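Each chain, letter by letter, is given below.
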Amino acid sequence: MSWETVIGLEIHAQLATRSKIFSGSATAYGAEPNTQANLVDLGYPGVLPVLNGEAVRMAIRFGVATGSKISRRSIFARKNYFYPDLPKGYQISQYERPVVEDGSLEIVLEDGTRKTIGITRAHLEEDAGKSLHEDFHGLSGIDLNRAGTPLLEIVSEPDMRSAKEAIAYLKKIHTLVRYLEICDGNMQEGSFRCDANVSVRPVGQAEFGTRAEIKNVNSFRFVERAINYEVERQIELLEGGGRVKQETRLYDADKGETRSMRSKEEANDYRYFPDPDLLPLVIDEATIEQVRATLPELPDEKAARFVRDHGLSEYDAGVLTSSRELAGYYETVVRRLGGQAKLAANWVMGDLSGALNKDALDIGQSRVSADAFAGLLARIQDNTISGKIAKEVFEAMWSDGKGADEIIEAKGLRQITDTSAIESAIDDVMAKNPGQLADYRSGKDKLFGFFVGQVMKATGGKANPAQLNDLLKKKLSG
Amino acid sequence: MHTLTVSELAAGLRARKFSSLDLTLHFLGRIERLGPELNAFVTVTADRALDDARAADEALAKGAGGPLTGVPVAHKDIFCTDGIRTTCSSKMLSGFVAPYDATVVSRWRAAGTVLLGKTNMDEFAMGSSNETSYFGPVRNPWDHKRVPGGSSGGSAAAVAACIAPAATGTDTGGSIRQPAALTNLTGIKPTYGRVSRYGMIAYASSLDQAGVLARSAEDAALLLEAMSGFDPNDSTSVDRPVPNYAAELNQPLKGLRVGIIREFFGEGLDPAVEQRVRAAIGLLQQEGAVVRDVSLPSLPLSVPTYYVVAPAECSSNLSRFDGVRFGHRCEQPKDLLDLYKRSRGEGFGAEVKRRIMTGTYVLSAGYYDAYYLQAQKCRALIAADFARAFEDVDVVLSPTAPTAAFELGAKTSDPIAMYLNDIYSIAANLAGLPGISIPCGFVDVGGKDLPVGLQLVGPHFGESRLLAVSHQYQQHTDWHKRVAPGYA
């Protein structure tokens with residue numbers, strides 16, 4: 001039997017507000033435990049939550065950017081359960097009436113196929129604290145710095161049919177929230193997390209299969225692996241005559257497998273009810289329009305513009321717009337160069353990205369600024385150096401931070417464009433290699449490359465390649 | 001000195017007839033002498049009171065005092081007080097020292113009041129007789145065998161016995177008005193949102209509202225004004241100017257349209273209580289008020305509605321008392337579940353547990369629609385009934401409670417009988433409306449005079465009118481001036 005995979009994602013994006021969603025405490029990552037938790041975060045008797053307006057504006061930004069409906073009136077509810085890192089004994093979340101509903105997003109797969117993924121809802125909620133079970137013998141430590149940090153939980157429709165689609169969607173959301181500057185997207189620090197609902201069904205069946213929810217996956221790679229593992233597990237189970245249980249499963253990155261955490265029967269009854277401490281969240285049209293007016297150019301718009309104005313392929317445009325910073329870098333380079341958009345694209349996606357990856361840096365941390373990078377490409381453009389030499393120059397720029405011109409001069413890498421100089425180098429090579437010359441002239445065309453190499457060697461790689469080609473052809477043919 | 005009203009005390013202070021220190025020492029002496037027999041206080045803050053009094057005297061000497069500067073007051077032990085034990089009369093918080101002041105506390109403090117102490121109450125404000133307190137029941141100054149009402153029973157007893165000139169209370173389902181009625185006080189519960197709930201330990205958040213227990217409407221006006229107003233720390237507090245209630249007390253009774261709530265004069269109402277309330281209605285009429293019958297047919301739903309909504313909210317509000325960060329923690333927990341079960345099992349009393357269980361049940365999957373959602377619909381009906389009534393009348397009137405004070409222990413084994421004591425007061429909470437209870441006479445029970453209260457409920461933010469009607473009534477009567485024998 002052949003099977004179809006069905007995936008829906010629940011993404012938790014930590015909103016980049018300065019203070020918490022219901023208190024004035026700071027939200028900075030990595031502070032000493034419990035130093036960013038005030039009485040509200042600690043759930044002290046008598047304290048009350050006050051909604052952070054900035055978190056609401058961020059949720060609206062997301063909603064507007066995904067063509068969603070912004071609820072004019074949404075409700076905060078309490079999700080009740082006991083856990084030591086949940087100080088009040090309930091989490092304030094949105095349940096029946098979320099702030100954002102009914103949006104969608106288009107993903108582009110590697111083969112260029114486009115697909116629309118529905119966004120069911122996105123709602124505001126507070127994060128819990130952290131329980132630390134290591135380091136304390138027989139005890140647990142509680143750090144409430146994270147308690148009350150604003151989250152936007154983005155719930156997709158079950159529209160994805162493979163792990164690849166799920167990753168494309170996840171990356172798209174990741175790109176979008178960073179464009180919107182509502183989330184820093186840092187998966188290691190947990191500010192962008194994902195749970196995956198995975199089920200399989202026989203191809204052609206209309207009803208969904210029983211799903212498992214995979215929690216705790218904190219990188220794109222792990223999401224893909226976890227889904228693929230889970231799909232295999234479910235298919236194996238079903239083909240062996242078993243049934244999939246509705247349950248929550250944890251992904252173990254070390255073992256590369258998912259394992260059961262709790263079944264549906266063991267799930268808490270959260271006893272959701274509207275939080276009487278908070279009024280309904282009312283959002284008027286003017287606020288939405290104001291948010292809409294201040295939206296930045298979004299990734300899809302930017303990519304379309306790169307295709308249109310810079311003549312890039314859709315794929316290249318997609319890569320270059322995957323982050324706002326990368327796109328900004330690229331555009332600065334093009335502007336400084338006054339054109340040469342394709343040259344810039346190739347170099348940004350090639351050597352620059354390679355260097356960044358190698359050193360595990362973001363574009364914002366690049367050792368070569370966009371201006372300096374444009375300076376390098378300008379020397380290719382004006383034939384001062386060849387592309388090959390440029391790679392050498394770039395490496396030097398990357399490692400010691402100097403400008404392209406300085407390196408070219410210091411290392412004497414300036415290209416030789418003087419015809420007589422190239423000609424005399426050719427003459428020397430021909431004189432030293434009479435055998436090869438004779439062979440070439442008797443029809444061994446392949447030896448042309450040998451002569452190019454020899455002349456380049458003689459000129460330290462600096463001969464202008466196009467000129468060299470022309471002159472060599474003439475001389476060799478005698 | 002102790003039988004003077006707050007406004008009289010304030011005038012005396014400003015005229016330097018006595019100092020705040022004199023006054024404070026006098027009341028501390030009365031608390032020491034008479035407090036134990038009433039069990040009205042959980043904590044007496046003598047040192048703090050003397051400091052406050054000295055500061056008040058300095059301000060008064062500079063002519064810097066306001067209308068409450070130097071006046072001693074007490075706070076119900078549900079309000080957090082910075083550096084002072086705040087127990088909610090529960091074992092759970094018997095050792096809890098709050099690290100901050102409730103907004104009500106800081107506002108009264110800013111107004112120059114002197115803090116005498118924290119008053120006893122039903123545990124977490126759950127009760128109508130003050131018998132659920134971990135610190136033992138409070139006794140009614142009018143008859144020590146009887147309850148003072150609840151949950152603000154300690155505040156009511158303290159003010160009624162003149163061991164505190166006035167006190168704060170909270171009213172979730174009659175907890176200011178019913179004790180006021182049972183102890184011969186003026187007790188006002190303002191509109192939901194009028195007074196900040198910040199720092200007031202939550203019982204049922206959508207119903208809880210702070211207010212005042214005092215010995216006259218004029219005092220209530222002064223004190224309410226000093227605690228009211230928008231608070232950015234409470235999202236449900238309303239940003240709306242606070243009237244000068246004391247300046248608006250002289251609105252005439254003539255032409256006042258009073259609706260008599262038909263549903264609250266039926267079965268269960270003690271005829272002697274009814275007779276006193278009818279007499280008061282007669283007086284209002286005589287002074288020019290236009291009295292008519294009004295029917296609010298959904299009001300009989302109040303008690304069952306309340307006992308779904310309030311427990312539901314309390315079951316969630318009290319989850320934070322888990323033994324982890326503050327409050328009672330059991331000895332030697334063997335694991336997390338044991339820590340929760342024993343800390344809560346030991347820390348909460350029977351009535352609190354009953355309500356947590358009820359609330360957990362009504363919010364559970366499969367029961368939510370039948371109970372919680374249904375109760376919310378009833379709540380809307382009740383609010384609509386009031387709104388309709390206020391199209392034709394300015395205030396509605398009823399008894400505050402169906403009987404005068406009952407004996408200690410009389411209803412402790414029958415929760416339903418206990419709950420029915422709030423049958424007339426709960427509706428105002430469900431509708432978020434302001435209500436006031438004022439003394440309107442006495443009934444003789446076994447040779448003792450027991451006070452009777454009448455209740456006025458007004459439209460949202462109608463406190464000014466309620467206080468004015470009460471004040472005008474008090475200009476024609478002296479019920480409110482009577483003090484329990486032995487306490488004058």
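None of these values were measured; they are calculated from a predicted model.

Novice: Looking at this structure, how should I read the pattern of salt bridges?
Specialist: Opposite charge on two side chains permits pairing when their charged atoms draw close. For the structure shown, the criterion picks out 60 salt bridges over all chains. A salt bridge links A:Arg233 to A:Glu247; the shortest N-O distance between them is 3.8 Å. Linking A:Arg233 in helix α3 (residues 220–239) with A:Glu247 in strand β13 (residues 247–252), this pair joins segments that are 14 residues apart in sequence. Both residues of the pair, A:Arg233 and A:Glu247, belong to the buried class. A salt bridge links B:Arg177 to B:Asp171, with the shortest nitrogen-to-oxygen separation between them at 2.8 Å. The class of B:Arg177 is buried, set by a relative accessible area of 0%. A residue is classified by how much of its surface remains accessible, and B:Asp171, at 0% relative accessible area, is buried. The structure contains a network of salt bridges with shared partners spanning A:Arg78, A:Asp275, A:Asp277, B:Arg197 and B:Asp234.

Novice: Explain the interface of chain B and chain A to me, please; I cannot follow it from the model alone.
Specialist: Put simply, an interface is often sized by how much accessible area is lost when its parts join up. Tallying the contact residues gives 37 residues for chain B and 29 residues for chain A. Surface buried jointly by chain B and chain A totals about 2800 Å² across both partners, of which 59% is contributed by carbon and sulfur atoms. Counting every contact that joins chain B to chain A gives one salt bridge. For the pair chain B and chain A, the number of links is 17 residue pairs in polar contact (both at pLDDT 80 or more). Of all elements in the fold, only α9 (302–317) and α10 (336–347) of chain B reach the threshold of two or more residues within the side of chain B that touches chain A. The leading source of residues in the side of chain B that touches chain A is α9(B), at five residues.

Novice: Explain the environment of A:Leu105 to me, please; I cannot follow it from the model alone.
Specialist: All names here are of chain A. Within the secondary structure layout, Leu 105 lies in strand β6 (residues 100–108). A relative accessible area of 8% means that Leu 105 is categorised as buried. For the pair Leu 105 and Leu 413, spaced 308 residues apart in the sequence, the C-alpha separation amounts to 49 Å. In this structure Leu 105 touches Thr 66, Lys 115, Thr 116, Ile 117, Ile 119, Tyr 169, Lys 172, Ile 173 and Leu 176, once residues within four positions along its chain are discounted.

Novice: Would you mind going over the sheet that holds strand β4 (residues 77–80) of chain A with me for this structure?
Specialist: In a beta sheet, neighbouring strands are held together by backbone hydrogen bonds and run either parallel or antiparallel to one another. Pairing is antiparallel across the open sheet formed by three strands, whose spatial order is β5-β4-β15 (chain A). The open sheet is flanked by β5 (90–93) and β15 (273–274) of chain A, the only strands paired with a single partner. Two strands pair when backbone bridges link them, and β4(A) and β5(A) are joined in this way by four bridges, in the antiparallel orientation. Within β5(A), the residue paired with A:Lys79 across the bridge is A:Gln91. Packing against the sheet, α9(B) makes contact with β4, β5 and β15 of chain A, and its axis sits at approximately 60 degrees to β4(A).

Novice: Got a minute to help me understand the pairing of strand β3 (residues 114–119) of chain B in this structure?
Specialist: The two faces of a sheet get side chains in turn, since along a regular strand they alternate between them. All names here are of chain B. Taking burial as the measure, the six residues of β3 include six buried ones, the bulk of the element. Looking at chain direction, strand β1 (residues 41–44) and β3 are connected through three bridges and run antiparallel. The residue of β3 that forms the bridge with Val 44 is Gly 117. Two strands pair when backbone bridges link them, and strand β2 (residues 72–76) and β3 are joined in this way by five bridges, in the parallel orientation. When the bridges of β3 are listed, His 75 appears paired with Lys 118. Between the parallel elements β2 and β3, the chain passes through helix α4 (residues 103–110) in a crossover that is right-handed.

Conventions used here
Residues numbered from 1 in each chain as written. Chains lettered and ligands numbered in written order. Predicted model: local features only at pLDDT ≥ 70, side-chain atom pairs only at ≥ 80, totals over all residues. Heavy atoms only, no water. Salt bridge = Lys/Arg side-chain N within 4 Å of Asp/Glu carboxyl O. Helix = DSSP H or I, 4+ residues; strand = E, 2+ residues; numbered from the N terminus. Buried < 20%, exposed > 50% of the residue type's maximum accessible area, 1.4 Å probe, protein only. Contact = heavy atoms within 4.5 Å. Buried area = accessible area lost by both parts, 1.4 Å probe. Polar contact = N/O pair within 3.5 Å; in protein donor to acceptor, adjacent residues only side chain to side chain. Pairing = 2+ DSSP bridges. Axes fitted to C-alpha atoms, helices over the stretch in contact; angles between N-to-C directions. Right-handed = clockwise from strand over helix to strand, strands pointing away.

Function cannot be read off these values alone, since they describe shape.
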